[in-house]
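Chains, contacts and geometry: an overview
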Amino acid sequence: MSHQKGKIEEILKNRILVLDGATGTMIQKYKLEEADYRGEEFKNHTSDVKGNNDLLSLTQANICKEIHAQFLEAGSDIIETNSFNSTSISQADYGMEHLVHRINKVAAENAREMADKFTALNPEKPRFVAGSMGPTNKTASISPDVNNPAARGVYFDELANSYQEQCEGLIEGGVDLLLIETVFDVLNAKAAYVGVQNAFEKYNVELPIMMSVTIADKSGRTLSGQVVEAFIISLSHMKLLSIGLNCSFGAEGLKPYMEELSAKAPWYISVYPNAGLPNQLGEYDELPRTMAGQIKHYLDNKMVNIVGGCCGTRPDHIKAIADITEGYEPHTPSLIKTETRLSGLEPLVISAERNFVNVGERTNVAGSKKFARLIREKKYEEALNIARNQVEGGAQIIDVNMDDGLLEAEEEMEIFLNYIVSEPEISRLPIMIDSSKFEVIEAGLKCLQGKAIVNSISLKEGEEDFIKKAKIIRKYGASAVIMAFDEEGQAVTSAHKNEICTRAYNIWTKQLGFPPEDIIFDPNILAIATGMEEHNNYAVEFIETIKYIKANLPHAKISGGLSNLSFSFRGNNIVREAIHSVFLYYAIKEGMDMAILNPGMIQIYDDIPNDLLALVEDVVLNKHPEAGERLIEFAENVKGDITQEARKEEWREKPLAERISYSLMKGLNEYLPVDIEQALNEYEHAIDIIEGPLMDGMDIVGELFGDGKMFLPQVVKTARVMKQAVAILQPHIEAEKDEAGGRTFVGKVQFATVKGDVHDIGKNIVLVVLACNNFDTTDLGVMTPCDTIIERAKLDKVDIIACSG
């Protein structure tokens, strides 16, 4: 094994290291034929092997060593083993799975021999060997069958086992570090990391790990759909030496993504791009001096620690790069703020300043009869619509639970999560894998490339079980909900809740080094007003524990299943919605971060009728012993749909302007066309309807949201109604402009939601108002890179750039 281990991290603090170039490009120069690949040993192999470059480590070792020597001569500090495709999964294409261990071992030995030779010539410039571990030719996140979104060409455990076998050969061959590279699916990378850790455990070694991702196109996403910040978060549990970008579309095209990576990743940073984009013949024409000049941007801005080349890069490219790195100061890994960071295809950061997070509960067989029926009937596409509706309704995390005695929970979890992964509009959100069976949770974790939440585990089976599960959760890189249960049972008093949460927090953070920001406590939201006196204080006990956790357990988050609270009033949605809204109003004030809820079952705090509000506050805050009885008596008089319909129609008697504002605030569109039509006859100009009743409604929405009396799902509904109202009014506004002699714009405004953000509610409202006031507006959409904003602004010669972030 190598004697160089341990040195590389020290060197990286002081200077930039140079990686080698493209082994495949160099092999092409030798114009090898089938017989050259086979050599004497494999001349009778039953499959064609031309193109299996990794086999050359065995059959043409001298060529491989010669290529290594040329890159070392050019100035490479790190050379990669010729093992990019040396997994059983990739070698199966050639019928050579049985050779995997040997290929990797010999590839490492070839590179080791040449690296040691050059180190001996100049001990002041030690050379290192990186074991190249490619992405395989399959993806664990994308179905190979367009007719079956749940199908997979490869599964997590297969990948992990295949990578472990590869890693073992590389370790035996003497590599200094490992390079998991050209990652196009982070689920593959997670499996690779698990495989590598298994190999480390087997050999009782630990080598530095480099990870390099490839961006698929100018959208800045991987092939499996993740944006840069999302894959950083997905990999955040890993102990990495460096993270970087390789391949893709050349150094120039990678600039915006490298800027984001270097600003947001806590590791050293690498980059080794292609020599530009391929020409029509698939060859790379970018000259060494051109490529080096583009990489200079990264050096000038202290963005990198390791630079090199990918497809099309030869020793002269590496020499040009090595020549310009001298004297440049290396990148210092970014300090990441301690926040709860989750991801689907896109990031979700839950900070102390962030508004309350909604976890959609309807994809839960225990909480939705319809969802349970669809799963039992294998109607997954229809079940997927329930998840989609939650996203559209304002959920920021999707809870998935398959615990049902009539279901094979593990199988159904895997199938449904694979369906979710196939839908970008849903899979952009983080997933909460919800089960009382840990094997179901683990099966779910093997399906998701994003950083998920496990819900839930507890101390009820004792510390040994609790620690074992924590280690497994950490291995997959998830956050976890810890319930306030211990060996004695479920905690109901704040004192017992506090005791359990403190004990769990100390075990995970102090014994296991589990990040405190990845701990989410659920101190048990239990039913109130059940008729049993001992239940009356349950909501208060929960709120008291919120205060305790926020004061004593730094960075931990707090969640809960909201529907439990109002269980006594099931069937009476008016009362249930009021209980939920009042409880959230007080719990969020104290620091509750999220709740599993049905976004449709929360009403605006200020809209709860005063008589009902007083009764509900008495119950939630346990103000007096008869509170529950009084609410039950009141609930008897507001049962069923008749009262709801009556309440729903009362507002139709209000004046026109109030009806329009009310429609907006409540997110109701049923009467919108009728009311807008009437308003067009009563208002002088169509624009007056927007600036009058519609904006009056939005003003109230803004105040309620700011005061914590209205929640995101409700705001999303109001934004939709605003859009619909404007769509109805727009033709009338345009017609009025034409009647006035055409449209004269007073200015040009470009709108965009910045890269890293997908929110556009406020942006859309401002855009509408300006557009209706004679501004020429354009909207570049969400997740817009800085370069795009600037380029379009120059091209369109805008007067104002308006960014939402």
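To be clear, the structure that these remarks concern was listed above.
All of the points below concern the structure found in this document. Please read these numbers as outputs of a predicted model, since none were measured by experiment.

1. A few points about the overall build of the chain
Scanning the chain from terminus to terminus reveals 32 helices and 23 strands. Against the compact-globule benchmark of 28 Å for 805 residues, the chain has a radius of gyration of 30 Å, which places it among compact chains. If one aligns the C-alpha atoms of the chain with their principal axes, the spans along those axes are about 90 × 80 × 50 Å. Expressed as a percentage of the 805 residues in the chain, the buried residues total 59%. Long-range contacts, defined here as pairs at least 24 residues apart, represent 75% of the contacts in the chain between residues at least 6 apart. Counting every atom, the chain has about 32,700 Å² of accessible surface; 49% of that belongs to carbon and sulfur. Each charge class in the chain can be summarised by its mean position, and for the 81 positive and 121 negative side chains these summaries are 3 Å apart.

2. Section: the pattern of salt bridges
Inspection of every chain in the model, using the stated rule, returns 41 salt bridges. Across the salt bridge formed by Arg112 and Asp116, the nearest N and O atoms sit 3.0 Å from each other. Remark: Asp116 and Arg112 occur in helix H7 (residues 100–121); sequence separation between them is four residues, near one turn of the helix. Its salt-bridge partner being Arg503, residue Glu463 comes within 3.3 Å of it at the nearest N-O pair. Taken together, the residues span a long stretch of sequence, with Glu463 in helix H20 (residues 463–476) and Arg503 in helix H21 (residues 494–511) at a distance of 40 residues. The partly exposed category is assigned to Glu463, whose relative accessible area is 32%.

3. Some remarks on H20
Here H20 contains 14 residues, and its C-alpha end-to-end distance of 20 Å stays within 8% of the 20 Å for a straight helix at 1.5 Å per residue. All of the buried residues in H20 are Phe466, Ile467, Lys469, Ala470, Ile472, Ile473 and Tyr476. Tucked into the core, H20 has its buried residues touching helix H8 (156–173), helix H9 (186–203), helix H19 (438–445), strand S14 (453–457), strand S15 (479–483) and H21. Once H20 finishes, Gly477 follows within two positions and takes phi at roughly 80 degrees, a positive value.

4. Here we look at helix H23 (residues 573–590)
With 18 residues, H23 should reach 26 Å at 1.5 Å per residue; the first-to-last C-alpha distance of 26 Å fits that figure. For H23, the tally of buried residues reaches 14 of 18 residues, placing the bulk of the element in the interior. Looking one or two places after H23, you find Gly591, whose phi comes out positive at around 125 degrees.

5. Describing the sheet that holds strand S23 (residues 800–804)
Pairing is parallel across the open sheet formed by three strands, whose spatial order is S22-S21-S23. Pairing within the sheet leaves two strands with one partner each, and these edge strands are strand S22 (775–779) and S23. Strand-to-strand twist of the sheet, defined as the mean angle between neighbouring strand axes without regard to direction, takes the value 20 degrees. Relative to S23, strand S21 (residues 747–753) runs parallel, the two being bridged by five bridges. Bridging across to S23, Phe751 finds its partner in Ala802. In the packing of helix H32 (residues 786–796) onto the sheet, the strands contacted are S21 and S23, and the crossing angle to S21 comes to about 165 degrees.

6. Focus on a negative patch on the surface
Taken together, the side chains of Glu408, Glu410, Glu411 and Glu439 define an acidic patch exposed on the protein surface. For Glu411, the position within the fold is in helix H17 (residues 409–421).

7. Comments concerning unusual backbone geometry
Residue Ser456 is bonded to the preceding Asn455 through a cis peptide linkage, with omega at 10 degrees. Tracing the sequence through the fold places Ser456 in strand S14. Notably, Ser248 is not glycine yet its phi reads approximately 60 degrees, a positive angle. The topology assignment puts Ser248 in the loop between strand S6 (242–247) and helix H11 (250–253). Its identity as a non-glycine residue notwithstanding, Ala529 has a phi of 55 degrees, on the positive side. Mapped onto the elements of the fold, Ala529 is located in the loop between strand S18 (519–522) and helix H22 (538–552).

8. Focus: the environment of Tyr94
Secondary-structure assignment places Tyr94 in the loop between helix H6 (88–91) and H7. Each C-alpha atom of the pair Tyr94 and Ser47 lies 5.9 Å from the other, and the pair is 47 residues apart in sequence.

9. Quick notes on the nonpolar core
Of all hydrophobic cores here, the largest spans 194 residues; its most connected members are Phe231, Trp508, Phe583 and Met592. Excluding residues within four positions of it along the chain, Met592 makes contact with Phe356, Ile525, Phe542, Ile546, Ile558, Ser559, Gly560, Phe583, Leu584 and Ala587. The next biggest cluster of nonpolar side chains, apart from the first, holds 21 residues, and it includes Leu672, Val721, Val726 and Leu729.

10. Notes on the packing of aromatic side chains
As enumerated under the stated definition, the model contains 11 aromatic pairs in all. Ring plane angle 25 degrees and centroid distance 4.7 Å describe the contact between Trp651 and Tyr662, whose orientation is recorded as stacked. Of this pair, Trp651 sits in the loop between helix H26 (640–650) and helix H27 (656–666) while Tyr662 is found in helix H27, placing the two residues 11 residues apart along the sequence. Exposure remark for Tyr662: the relative accessible area of 18% places this residue in the buried category. Here the aromatic cluster, defined as three or more aromatic residues joined through ring pairs, consists of Phe466, Trp508 and Phe514. Over the aromatic face of Phe514 sits the side chain of Arg474, whose NZ or CZ is 5.7 Å from the ring centroid. The aromatic ring of Tyr671 is capped on one face by Arg652, whose charged end is 4.0 Å from the ring centroid.

11. Re the environment of Ala265
In this structure, Ala265 sits in the loop between helix H12 (255–264) and strand S7 (268–273). Since its relative accessible area comes to 0%, Ala265 is described here as buried. In the structure, Ala265 is positioned 32 residues away from Ile233 in sequence and 8.6 Å away in space, judged by C-alpha atoms. Aside from chain neighbours lying at most four places away, what touches Ala265 is Ile232, Ile243, Pro333, Ser334 and Ile336.

12. Observations regarding the sheet that holds strand S5 (residues 209–213)
Two strands in a sheet stick together by hydrogen bonds in their backbones, pointing the same way (parallel) or opposite ways (antiparallel). Spatial strand order, S1-S8-S7-S6-S5-S4-S3-S2: eight strands in an open sheet with parallel pairing. If you trace the sheet from one side to the other, it starts and ends with strand S1 (17–18) and strand S2 (78–80), each paired once. Its contacts with the sheet place H9 against strand S3 (128–133), strand S4 (177–183) and S5, and it is angled at close to 165 degrees to S4.

13. A closer look at the pairing of strand S10 (residues 347–350)
By the bridge criterion, four bridges tie strand S9 (residues 340–343) to S10 in an arrangement that is antiparallel. From the neighbouring strand, Leu342 faces S10, where its bridge partner is Leu348.

14. Looking at the packing of helix H13 (residues 288–300) against helix H14 (residues 315–325)
Put simply, H13 and H14 touch, their axes get as near as 9 Å, and they point 35 degrees apart. Seen along the crossing, H13 lies across H14 with a hand that is right-handed. Where H13 abuts H14, its residues Pro288, Met291, Ala292, Ile295, Lys296 and Leu299 lie against Asp316, His317, Ala320, Ile321, Ile324 and Thr325. A breakdown of the residues in the contact of H13 with H14 according to their chemical character gives eight nonpolar, two polar and two charged.

15. A look at the pairing of strand S13 (residues 431–434)
Residues Ile431 and Ile433 point to one face of S13 and Met432 and Asp434 to the other, with burial holding for every one of them. In this sheet, S14 lies alongside S13 in parallel orientation, the contact comprising three bridges. When the sheet's bridge partners are listed, Met432 is paired in S14 with Ile453. Remark: the S13/H19/S14 crossover connection has right-handed handedness.

Cut-offs applied
- Residues numbered from 1 in each chain as written.
- Predicted model: local features only at pLDDT ≥ 70, side-chain atom pairs only at ≥ 80, totals over all residues.
- Heavy atoms only, no water.
- Helix = DSSP H or I, 4+ residues; strand = E, 2+ residues; numbered from the N terminus.
- Rg over C-alpha atoms; globule rule 2.2 N^0.38 Å.
- Buried < 20%, exposed > 50% of the residue type's maximum accessible area, 1.4 Å probe, protein only.
- Contact = heavy atoms within 4.5 Å.
- Areas by Shrake-Rupley, 256 points an atom, 1.4 Å probe, with all protein chains shown as cover.
- Lys, Arg positive; Asp, Glu negative; His and termini not counted.
- Charge placed at Lys NZ, Arg CZ, Asp CG, Glu CD.
- Salt bridge = Lys/Arg side-chain N within 4 Å of Asp/Glu carboxyl O.
- Expected span 1.5 Å × (residues − 1).
- Pairing = 2+ DSSP bridges.
- Axes fitted to C-alpha atoms, helices over the stretch in contact; angles between N-to-C directions.
- Patch = residues over 30% accessible without salt bridge, like charges linked within 9 Å, V, L, I, M, F, W, Y side chains within 5 Å.
- Core = buried A, V, L, I, M, F, W, Y, C linked by side-chain atoms within 4.5 Å.
- Phe/Tyr/Trp six-rings, centres within 6.5 Å; stacked < 30°, edge-to-face > 60°.
- Lys NZ or Arg CZ within 6 Å of the ring centre and 35° of its normal.
- Left-handed = near helix turned anticlockwise from the far one by under 90°.
- Nonpolar A, V, L, I, M, F, W, Y, C, P; charged D, E, K, R; others polar.
- Right-handed = clockwise from strand over helix to strand, strands pointing away.

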